[in-house]
Each structure stands twice: as structure tokens, then as C-alpha cells.
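Listed below, chain by chain, are the residues.
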Amino acid sequence: NAGVTQTPKFQVLKTGQSMTLQCAQDMNHNSMYWYRQDPGMGLRLIYYSASEGTTDKGEVPNGYNVSRLNKREFSLRLESAAPSQTSVYFCASSGEGYQETQYFGPGTRLLVL
Amino acid sequence: AQSVAQPEDQVNVAEGNPLTVKCTYSVSGNPYLFWYVQYPNRGLQFLLKYITGDNLVKGSYGFEAEFNKSQTSFHLKKPSALVSDSALYFCAVRPNDYKLSFGAGTTVTVRA
């Protein structure tokens, strides 16, 4: 039982390049999330998927797109990377219901030059 | 609007002493409250949560937190800190929707 897994662990991009961050969970959770973590700002929600087939914007969605590929997988895409997107990205998943705990992956460290 | 405040950027304690990490929140309705811990270069690990019921919540690794509705606080406590408790701690609040709002985090350093 791996929980939440993310690939890659680390990535360096040049401004304007694109990439997709992958996330998968094996806990049979309905809901999945993408956050970014920046120093002194905690974690901020980028997008979330309450259930398979649905996605919604979070607090900081600009410059990102997501795809809920199936119940297990939720990907985050940067179409044209900018230095402001340098951050650590975390994927999380939870069961259905607002009281459910979110469980986090190990993170992807992204550097945009 | 919802918000979470962790008023202390850093907390330093000696091993064996009590540890408190403060959190206050501002949210409409009845919130769900969470504490997470992050060790260097790792993801967030769940410690405990308050949903309803007893105001004192017990969690992992000997941590507990007290929900105080009148003071809108949810402080994390440990009676006797360990050096291995040194980490970054996040408080988070979730009203009746899917969005979990995090505080900025508090770095805890426990000296031997």
C-alpha cells in the first residue's frame, strides 16, 4: 500500500517549457487535490477533484490545468512554465466528505529558470 | 472568507519540556480542524483532527490539541517534547466544502 505517489521528484524547466506532474493513489479515495508550497505561505490549493469526472479551481489556478484520468490518477499540467511557478507541488487524496483527512504525497520540487 | 493564523514562525523548547504550537482560525460555520507535520524534504503527515465532540483531541506521536470555540483556537500540545519532534507544523481549517486552508507553518526546534 504505497498511499499517494508523485512523479517526478525533482524537475528543472526553462521558461516557456511545459510539463505534467503525475499523481496516483491506491486508497480508493474519491477526492484528489493539488497544492503548491512556498516559503512562509503554507500550502495553497491549485485545483481539486471531488470525484472522478469533476475538477474545480482552488485558490491559485492560473497557469495550470488538471486532468482526473480515472479514480486513481490526477495530473497537473503547466502549459508554459514561468519562474513564479518555482515551488514544491504536493498531491493529496481523501475519502468522500468534508471531515475526511487528506493524505499527501512526497512532493515534486520544480525549478523554472 | 476563511483563514488560519499561526502567530509564531518558530518555537524553541528543550527536550522533556512541554511543547505548544498555536493556531487560531476565522471561518463561518462549524469548522473541521487539522494538524499536520512536515519533516525536511518530505510530504505532510497527518497528526490529528477535530470534527465534533470532545474538545481535547489525541493524535499520533503523543500529540494532542484543544479546540476552544470561544477563542477560535486549536493549539497543538505535547507534554514532553523529543528532539525528533523538530519539524514544520501546519494547522489547517476546512469549513463545509472541499477547500482546506493552511496556516503559514511553525518551525519547531527541540534542543537536547
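Heads up: these notes are all about the structure in this document. Bear in mind the structure is a predicted one, so any value in this text is a computation, not a measurement.

## Some thoughts on the interface of chain B and chain A
Contacts between chain B and chain A engage 23 residues on the former and 25 residues on the latter. Buried area between chain B and chain A, summed over both chains or domains, comes out near 1900 Å², and the portion from carbon and sulfur atoms is 58%. Taken together, the links from chain B to chain A amount to 0 salt bridges. Linking chain B to chain A there are 7 residue pairs in polar contact (both at pLDDT 80 or more).

## A look at the sheet that holds strand β7 (residues 65-68) of chain A
Residue and element names in this part refer to chain A. As summarised here, the arrangement of the 4 strands in space is β1-β3-β8-β7, forming an open sheet in which the pairing is antiparallel. Two strands bound the open sheet, and with one partner strand each, they are β1 (4-7) and β7. For this sheet, the mean inter-axis angle between neighbouring strands, taken without regard to orientation, is 15 degrees. Here β1 runs beside strand β3 (residues 19-25); their pairing, made up of 4 bridges, is antiparallel. When the sheet's bridge partners are listed, T5 is paired in β3 with A24.

Parameters at a glance
- Residues numbered from 1 in each chain as written.
- Chains lettered and ligands numbered in written order.
- Predicted model: local features only at pLDDT ≥ 70, side-chain atom pairs only at ≥ 80, totals over all residues.
- Heavy atoms only, no water.
- Contact = heavy atoms within 4.5 Å.
- Buried area = accessible area lost by both parts, 1.4 Å probe.
- Salt bridge = Lys/Arg side-chain N within 4 Å of Asp/Glu carboxyl O.
- Polar contact = N/O pair within 3.5 Å; in protein donor to acceptor, adjacent residues only side chain to side chain.
- Pairing = 2+ DSSP bridges.
- Helix = DSSP H or I, 4+ residues; strand = E, 2+ residues; numbered from the N terminus.
- Axes fitted to C-alpha atoms, helices over the stretch in contact; angles between N-to-C directions.

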